[in-house]
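Okay, here's what each chain looks like letter by letter:
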Amino acid sequence: MPTATHGAFALNDARNALKHGNASVAFTAAREATAYDPDDIEAWYLLGSAAAALHEYDVAEQAFDEGAHRAPDKTPTKAQMLTLRAQPLMAAGRPSDAVATLRAALQIGIPDAIGLALASVTLTHAGLPKEAHSLAEKAVTLNPRHADAWFNLGGIRQFMGDTKGAQAAYETAISTSGGRMVAAHHALARLRKWSAAENHIARLEALQCRDGKEACSVGYALFKEYDDTGDTDAAWDALQHAAMLARSAENWSPENEAALTTAWKQHLPPERFAARDERPRSGPRRIFIIGLPRSGTTLIERILTAHSQVQALGELKTIGIVVKRLSGVSGPGLLDPEVIAAAAELDPLDIAEAYTHETAYLHDDSAYTIDKLPNNHEYAGLIRLAFPDALIIGLDRNPMDALFGAYKLLFTGAHGWSYTQDDLAEHYDQFRNLMAHWKAVMGDGLIDVSLESLIADPDTQIRRLLDACGLPFEETCLSPHQAEGAITTASAGQVRRPINAEGIGAWRRYESQLAPLCARLTEMGYL
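Everything in this summary refers to the structure shown in the same document. Everything quoted here is computed from the prediction, not taken from an experiment. (Residues numbered from 1 in each chain as written. Predicted model: local features only at pLDDT ≥ 70, side-chain atom pairs only at ≥ 80, totals over all residues. Heavy atoms only, no water.)

Quick word on the side chain of Thr176
Thinking step 1. Inspection of the secondary structure assignment puts Thr176 in helix H10 (residues 163–176).
Thinking step 2. According to the relative accessible area criterion, Thr176 is buried, its value standing at 14%.
Thinking step 3. Of note is the side chain of Thr176, whose polar atom sits 2.7 Å from the backbone oxygen of Thr172.
Thinking step 4. Within polar-contact distance, the side chain of Thr176 engages the backbone oxygen of Ala173 at 3.3 Å.
Thinking step 5. Leave out the neighbours within four places in its chain, and Thr176 touches Pro144, Arg145, Ala147 and Trp150. (Helix = DSSP H or I, 4+ residues; strand = E, 2+ residues; numbered from the N terminus. Buried < 20%, exposed > 50% of the residue type's maximum accessible area, 1.4 Å probe, protein only. Polar contact = N/O pair within 3.5 Å; in protein donor to acceptor, adjacent residues only side chain to side chain. Contact = heavy atoms within 4.5 Å.)

A short note on the sheet that holds strand S2 (residues 310–312)
Thinking step 1. Taken together, five strands build an open sheet; the order of strands is S2-S3-S1-S4-S5 and the sheet is parallel. Edge positions in the sheet fall to S2 and strand S5 (446–450), since each of these pairs with one other strand and no more. Each strand of the sheet is rotated relative to its neighbour by a mean of 25 degrees, with strand direction disregarded.
Thinking step 2. Against the sheet, helix H22 (residues 421–442) touches strand S1 (285–290), strand S4 (391–396) and S5, its axis set at about 130 degrees to S5. (Pairing = 2+ DSSP bridges. Axes fitted to C-alpha atoms, helices over the stretch in contact; angles between N-to-C directions.)

Digging into the pattern of salt bridges
Thinking step 1. Under the criterion given, the structure shown has 28 salt bridges.
Thinking step 2. In this structure, Arg15 and Glu42 form a salt bridge, with 2.6 Å as the shortest nitrogen-oxygen distance. In this pair, Arg15 is assigned in helix H1 (residues 4–19) and Glu42 in helix H3 (residues 41–53), connecting sequence segments 27 residues apart.
Thinking step 3. On the basis of relative accessible area, Arg15 is assigned to the partly exposed category, the value being 34%. (Salt bridge = Lys/Arg side-chain N within 4 Å of Asp/Glu carboxyl O.)

Regarding the packing of aromatic side chains
Thinking step 1. Under the definition given, this model contains twelve aromatic pairs.
Thinking step 2. Arranged with centres 5.9 Å apart and planes meeting at 65 degrees, the rings of Trp264 and Trp438 form a pair that is edge-to-face. Of the two residues, Trp264 is situated in helix H15 (residues 254–267) and Trp438 in helix H22; the sequence distance between them amounts to 174 residues.
Thinking step 3. Aromatic side chains Phe288 and Phe387 sit 6.2 Å apart centroid to centroid with 35 degrees between the ring planes, which places their arrangement in the tilted category. One end of the pair, Phe288, is in strand S1; the other, Phe387, is in the loop between helix H20 (380–386) and S4, and 99 residues separate them in sequence.
Thinking step 4. Assessed through its relative accessible area of 2%, Phe387 is described here as buried. (Phe/Tyr/Trp six-rings, centres within 6.5 Å; stacked < 30°, edge-to-face > 60°.)

Remarks on helix H2 (residues 23–36)
Thinking step 1. For H2, with 14 residues, the first-to-last C-alpha span of 20 Å sits near the 20 Å given by 1.5 Å per residue.
Thinking step 2. Those residues of H2 that sit buried are Ala23, Ala26, Phe27, Ala29, Ala30, Ala33 and Thr34. (Expected span 1.5 Å × (residues − 1).)

Side note on the nonpolar core
Thinking step 1. Judged by nonpolar contacts, the single largest core of 144 residues is most densely connected at Tyr220, Trp264 and Trp438.
Thinking step 2. With nine residues, H22 is the single largest residue contributor to this core. (Core = buried A, V, L, I, M, F, W, Y, C linked by side-chain atoms within 4.5 Å.)

Overview of helix H24 (residues 458–468)
Thinking step 1. Within H24, the full set of buried residues consists of Gln461, Ile462, Leu465 and Leu466. Along the axis of H24, the buried positions cluster into a sector of 135 degrees, meaning they face one direction only.
Thinking step 2. Against the buried residues of H24 lie helix H16 (297–305), S4, S5 and helix H23 (451–456).
Thinking step 3. Gly470 occupies a position one or two residues after H24 and carries a positive phi of about 75 degrees. (Arc of directions from axis to C-beta.)

As for the environment of Ala14
Thinking step 1. Mapped onto the elements of the fold, Ala14 is located in helix H1.
Thinking step 2. Along the backbone, Ala14 and Gly48 are 34 residues apart, and their C-alpha atoms lie at a distance of 11 Å.
Thinking step 3. Discounting residues that sit within four places of it in the chain, Ala14 has contacts with Ala26, Ala29, Ala30 and Leu46.

Laid out in structure tokens, this is it:
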């Protein structure tokens, strides 16, 4: 029969295992400890921490919830457990619940820098950087030596357009980490354009990386700063090494992507769109901006956000997460042919209601809201069925510029196709294939925008875009760089400047190195 001694041993085993990075052992031991003494809050903390490390997010949030429930009311312990619970809720694709949980913690009061920094990270990921800002500032005030808190503050300042403040925060993160925080070095390189007189190349070259992941981040940072200073040979060498490391960590394949395209075309054929679903949807009218990353989606978002009736919600992963959850298909991947087959059988109204529920906390009562995740091109057909009156805007850009724009960035955990020239070409082929299918089934319901045409004649093209969206013309839309609001994408620096042609033809700096990509696209008929 279990005894208190057994419980103490299990609790100690869980502590030690978690301390040494053995999450599986910690998970088992912590489960035993909670069974022996369900009122032991530390046991629930250890179970939640171990489950989160194992990506068992449902178990993690339930464990932290149990700990919060059993903690005395209005105490730092309760606030801590609620703050911790918000993280796995976000990871599980439940941002609405995560934000509500975090606000409950803040109402009690989060007294320590670690908790405040964690809360600010969660709110930032939830699309609320303004709320996160004050928490991040308070965290570094409470503990000026907290490198992670400074790094998080730097990101928030960058999103809010405070480049000088972000630079200072990133530098502080680097110094307080003893120069070891590679993420801060990488973020600093990406922050703005550097010059021969002001750069961090020598410091980056001197970094001793502990593993391939760090070497990869440093390589992309070196590419950016060498490119800024005009040393294209050194930049290209750094990019090749970094991209090779990034590709080795990805499991993307052209065969898998082709299978997705085939599944979408099979399960959402033209006849599915013949009749319009007239059932009412709650919430604002939805705008979805889709396309390749680096194709101009952020610029279109800023143009529309400058309109008095439009609110930008950011790059939301909500559609994909909702579809996976409602499909009932298990497994680690967000999208596969089985999910597509199941999703095609769902009631589109269920998708709409779930999406509306998960995004309601972001809405400020504007008549229109924008979801600007480029990857939503995969879900465009489901979006049309879920929101029959949605405005779906598809961006088109010269593929060499768009693909090079993706190639030179590190998308950790995303866009696994962006690290070799062959993969870039294969992805582009599937992207065009799928977009052609959506255009065939939606017709004018898919609004086409050419980035090059927009930059060449912004007045005409912006008026055309607003008209296609049913929005009256407003002069402010011609100056999207003056629009308020955070920008959380890699285009933050560019779109805070007036519309310009700076990025057109940027790939030609590396024309000889990109010859294989150019040849493949020409062979495919895209150039």
